[in-house]
Amino acid sequence: MELELEQQLGCGKSALVVPQGISLREPRLEDLEELSNIAYQTYAHYNKSVGIPIEVAFDSPQAAWTMLRLFITSSSRIGVVAVEESSGALLGAAFTTTGGEVSGVGPVFVDPTRQSKGVGKAMMQELIRKAKLSNPRSIRLSQTATNTTSFSMYANLGFIPVEGWMEFAGIVTPKNAVIANSAVGFSPLTGAKVCQMEEKDISACAKLHLEALGYDREEELREAHQKGFSTWVVTQNDEIVAYTTGFNLLGHALAKSEEALVFLFTEVSQQHKSGRLPAIHVAGRLYPRLVQWFLTAKLKLLRVQWYMVMGFYQAPQHSIVWCPGGQH
């Protein structure tokens with residue numbers, strides 16, 4: 001399945017329409033405190049209204065501050081901030097990765113008291129324009145399935161829903177892993193071990209991603225490793241058969257089999273000591289047995305998301321198992 005970027009831009013190709021009294025600019029470090037409060041209030045307000053837990057990256061102003069600081073200071077991300085001209089108050093922000101073959105959008109948030117006034121659409125139009133300057137093959141995002149308002153906005157901008165994924169969180173005990181394997185017919189992965197990703201592993205992981213999804217992600221893998229993210233690999237017979245850039249909001253995972261994927265998650269989750277529980281994103285249409293496996297293993301289903309694409313998209317090839325990150 002391959003879709004052409006320019007054919008899908010839709011409203012993204014039309015003239016930018018900014019609501020009267022609003023201006024758009026790049027985010028600055030001095031925006032952090034105000035943006036962090038808006039992000040927390042936005043996610044807390046919406047998630048409470050539909051009865052789903054708030055995303056761990058935004059479950060407090062402090063958590064949002066940490067995440068947004070990473071985005072504002074990163075050389076591989078760009079952003080747009082909406083400002084009320086009369087007061088100078090910030091109204092929201094939108095971010096995307098840039099520089100690679102695929103740009104991954106997120107987060108996008110607007111002050112709950114200023115929503116449905118065109119602010120989010122204007123920020124997204126400008127973000128798409130800026131993302132296109134680096135000539136990506138695709139722009140992608142994940143969208144909470146219960147939020148029909150944001151879904152409609154993204155669809156009208158030209159994003160197409162190509163997959164749906166479910167976020168599961170928790171720790172898999174050895175006992176529950178055996179029960180889940182038996183329930184879905186998985187065989188234990190023999191002769192395999194899990195260890196932290198090393199520099200020498202990056203090329204093999206990047207090759208696996210390219211083979212599966214048709215685009216390169218080596219620089220992102222290298223950045224995640226260098227910044228000390230929770231990156232892991234599974235090796236079997238001296239070959240990398242699975243990896244993850246972290247079982248969290250932004251991390252993705254790939255594996256040469258479903259058995260390798262659940263082995264990786266099980267082993268990493270059992271090393272969890274404190275704080276936010278490990279979480280994984282499972283594309284239910286592609287991997288219904290994995291959905292059943294994680295439910296049987298007693299993980300909690302937190303939310304369902306649409307994976308939306310503008311431009312090139314290739315479904316996973318060669319039976320490689322793909323668990324997307326929160327952006328792509």
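See the structure printed just above.
The structure displayed is predicted, hence computed values, not measured ones.

Analysis parameters
- Residues numbered from 1 in each chain as written.
- Predicted model: local features only at pLDDT ≥ 70, side-chain atom pairs only at ≥ 80, totals over all residues.
- Heavy atoms only, no water.
- Buried < 20%, exposed > 50% of the residue type's maximum accessible area, 1.4 Å probe, protein only.
- Helix = DSSP H or I, 4+ residues; strand = E, 2+ residues; numbered from the N terminus.
- Pairing = 2+ DSSP bridges.
- Right-handed = clockwise from strand over helix to strand, strands pointing away.
- Axes fitted to C-alpha atoms, helices over the stretch in contact; angles between N-to-C directions.

Caption draft 1: Focus on the pairing of strand 4 (residues 102–110). Among the 9 residues that make up strand 4, 8 are buried, leaving the element largely enclosed by the rest of the structure. Between strand 3 (residues 90–97) and strand 4, which follow one another and run antiparallel, lie 4 residues, and Gly99 among them has a positive phi close to 100°. Where strand 4 and strand 5 (residues 138–144) come together, 3 bridges link them in parallel fashion. Opposite Val102, over in strand 5, you have Ser138 as the bridge partner. Assessed by its sense of winding, the connection that carries the chain from strand 4 through helix 4 (residues 119–132) to strand 5 is right-handed.

Caption draft 2: Seen up close, the sheet that holds strand 9 (residues 239–244). Taken in spatial order, the 5 strands of this open sheet run 7-8-9-10-13, and their pairing is antiparallel. The strands lining the two open edges of the sheet, one partner per strand, are strand 7 (192–196) and strand 13 (321–323). Taken pair by pair, the neighbouring strands of this sheet meet at an average axis angle of 20°, ignoring direction. Here 3 bridges tie strand 10 (residues 253–255) to strand 13, and the two strands are oriented antiparallel to one another. Each bridged residue has a counterpart across the sheet, and for Ala255 the counterpart in strand 13 is Val321.

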